[in-house]
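Residues per chain are reported as follows:
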Amino acid sequence: PAVNALAKMGLVSGLGDGTFRPDQGVDHEQFFSIMGRLAQYLNLTFYEEIKEAPEEVQPGLEGYSDWAQDEVWLLSMSQKGYLGNNLNLLWDAPEDIAPQDVTTREEAAALLYQVLLYTEVLPD
């Protein structure tokens, strides 16, 4: 039921062949896609920013699948600080994260916390 609810919200999707495999690990680019969609769902800034995602592959995102690059860009390059600097919500630079490695619990908790904090779901 939880997977179906998240799929109906558009946060997760299957493997394209009608399967989902809920017991299989989630790799980094899959998790970044889920968290990017969650950020868009929770906050209009992210929702609007994804529309500005560059069409060309950004430096540092070359190792990510085409379908994951927009959300990785959204979480790591789209948000700006008060001084115009990039605010990377990921735990490291995207080029220093192996896209197909399985996401650990620590990594998942760190990114979920950053997304919830930055979308103001959690108080600062």
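We now turn to the structure provided with this report. (Residues numbered from 1 in each chain as written. Predicted model: local features only at pLDDT ≥ 70, side-chain atom pairs only at ≥ 80, totals over all residues. Heavy atoms only, no water.)

Concerning the packing of aromatic side chains
Enumeration according to the criterion identifies 3 aromatic pairs in this entry. Both rings, one in Phe 32 and one in Trp 91, keep their centres 5.4 Å apart while their planes meet at 55°; by these two values the pair is tilted. Here Phe 32, found in helix H2 (residues 28-42), pairs with Trp 91, found in the loop between helix H4 (66-76) and helix H5 (105-118); they are 59 residues apart in sequence, far enough to count as distant. Here Phe 46 and Tyr 118 contribute two aromatic rings whose centre-to-centre distance is 5.7 Å and whose plane-to-plane angle is 75°, an arrangement assigned as edge-to-face. (Phe/Tyr/Trp six-rings, centres within 6.5 Å; stacked < 30°, edge-to-face > 60°. Helix = DSSP H or I, 4+ residues; strand = E, 2+ residues; numbered from the N terminus.)

Brief notes about the nonpolar core
Among the nonpolar cores identified, the biggest contains 20 residues, and Phe 32, Met 35, Leu 75, Leu 90, Leu 111 and Val 115 are the most heavily contacted of them. Where this core is concerned, the elements lending two or more residues are H2, H4 and H5. A per-element tally of this core places H2 first, with 5 residues. Sequence-distant contacts of Leu 75, that is, excluding residues within four places in its chain, are made with Phe 32, Met 35, Gly 36, Leu 87, Asn 88, Leu 89, Leu 90, Leu 111 and Val 115. (Core = buried A, V, L, I, M, F, W, Y, C linked by side-chain atoms within 4.5 Å. Buried < 20%, exposed > 50% of the residue type's maximum accessible area, 1.4 Å probe, protein only. Contact = heavy atoms within 4.5 Å.)

Some points on the pattern of salt bridges
According to the stated counting rule, one finds 1 salt bridge in the structure shown. Across the pair Glu 48 and Lys 51 runs a salt bridge, and its minimum N-O distance is 3.3 Å. Judged by relative accessible area, Lys 51 falls into the exposed class, the value being 52%. (Salt bridge = Lys/Arg side-chain N within 4 Å of Asp/Glu carboxyl O.)

Quick look at unusual backbone geometry
Of note in this structure, Glu 120 is not a glycine but carries a positive phi near 65°. The residue Glu 120 is located in the segment after H5 in this model. Its relative accessible area of 67% is what places Glu 120 among the exposed residues.

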